[in-house]
Amino acid sequence: MNSTVEVCFVCLGNICRSPLAQGVFEALVKNEGLQDRIIISSAGVGNWHVGNPPDARMQQTARKHGIHLTSRGRQFQAGDFKRMDLVLAMDQSNLSALQQMQPASELQDKLFLFRTFDPDNNGDLEVPDPYYGGDHGFETVYQMVERTCPKVLERLKTQLAKKHG
Ligand code: 4NP
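A.B. asks: Give a description of the nonpolar core that names residues and reports values.
C.D. replies: In this structure, V7, F9, L20, F25, I38, L88 and F114 are the most contacted members of the largest nonpolar core, which totals 35 residues. Counting only elements with at least two residues in this core, the list comes to β1 (5–11), α1 (17–31), β2 (38–44), α2 (56–64), β3 (86–89) and α5 (135–162). The element best represented in this core is α5, accounting for 10 residues. Filtering out sequence-adjacent residues up to four positions away, I38 remains in contact with V5, V7, F25, V29, L153, L156 and L160. Counting 14 residues, the second largest nonpolar core, distinct from the first, contains V10, V45, F76 and F81.

This is the structure:
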């Protein structure tokens, strides 16, 4: 039996940070031939950008690193938790919004801050929102996402193995 695991990256607007994480993670998973085993999406806790493509500045930064972003803005729904194996919030305020959707018991071992998996986090677990800043903020987000995604993949591989895939 080929089991699957499902991960969702979540930020505020779903047009900058989480679409980048989705795009970088999709490329990594495809590279390892696991695209049929790991289901990947992103979402926002807000609804302002539902249906929108990623911010042009985020697309440009991703393109510079060979990553093509394909997501469209979607708002995370409380009901999404049920099918998810891993939900990764980009900052503390996104995490708090997600925690308010479900009893804590339902979220244990499922909901984390994305940078919990960043090998260079030095205790800083925020992916800073680049939306209102300059171009440098987008590159900073890229660097965080690039070094963190392999660790997220390690965790999902462990979760896949537990499902006896
Ligand atoms: P994101 O960035 O949460 O990384 O997608 C933002 C995008 C839009 C807004 C805020 C943050 N906004 O306020 O519209």
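Now, onward.
A.B. asks: Could you give an account of the environment of E146, naming the residues involved and the relevant values?
C.D. replies: The topology assignment puts E146 in helix α5. Considered as a pair, E146 and A21 are 125 residues apart in the sequence and their alpha carbons are 8.1 Å apart.

A.B. asks: Can you break down the packing of aromatic side chains residue by residue, with the values?
C.D. replies: This structure, assessed with the given rule, holds 5 aromatic pairs. Taken together, a centroid distance of 5.9 Å and an interplanar angle of 75° make the contact between F9 and F114 edge-to-face. Residue F9 is located in strand β1, and its partner F114 is located in the loop between β4 (111–113) and α5; the two are separated by 105 residues in the primary sequence. Ring geometry for F76 and F81: centres 4.9 Å apart, planes at 65°, overall edge-to-face. Residue F76 shares its accessibility class with F81, and that shared class is buried. The structure contains a cluster of three or more aromatic residues connected by ring pairs, namely F9, F25 and F114.

Criteria and cut-off values
- Residues numbered from 1 in each chain as written.
- Predicted model: local features only at pLDDT ≥ 70, side-chain atom pairs only at ≥ 80, totals over all residues.
- Heavy atoms only, no water.
- Core = buried A, V, L, I, M, F, W, Y, C linked by side-chain atoms within 4.5 Å.
- Buried < 20%, exposed > 50% of the residue type's maximum accessible area, 1.4 Å probe, protein only.
- Helix = DSSP H or I, 4+ residues; strand = E, 2+ residues; numbered from the N terminus.
- Contact = heavy atoms within 4.5 Å.
- Phe/Tyr/Trp six-rings, centres within 6.5 Å; stacked < 30°, edge-to-face > 60°.

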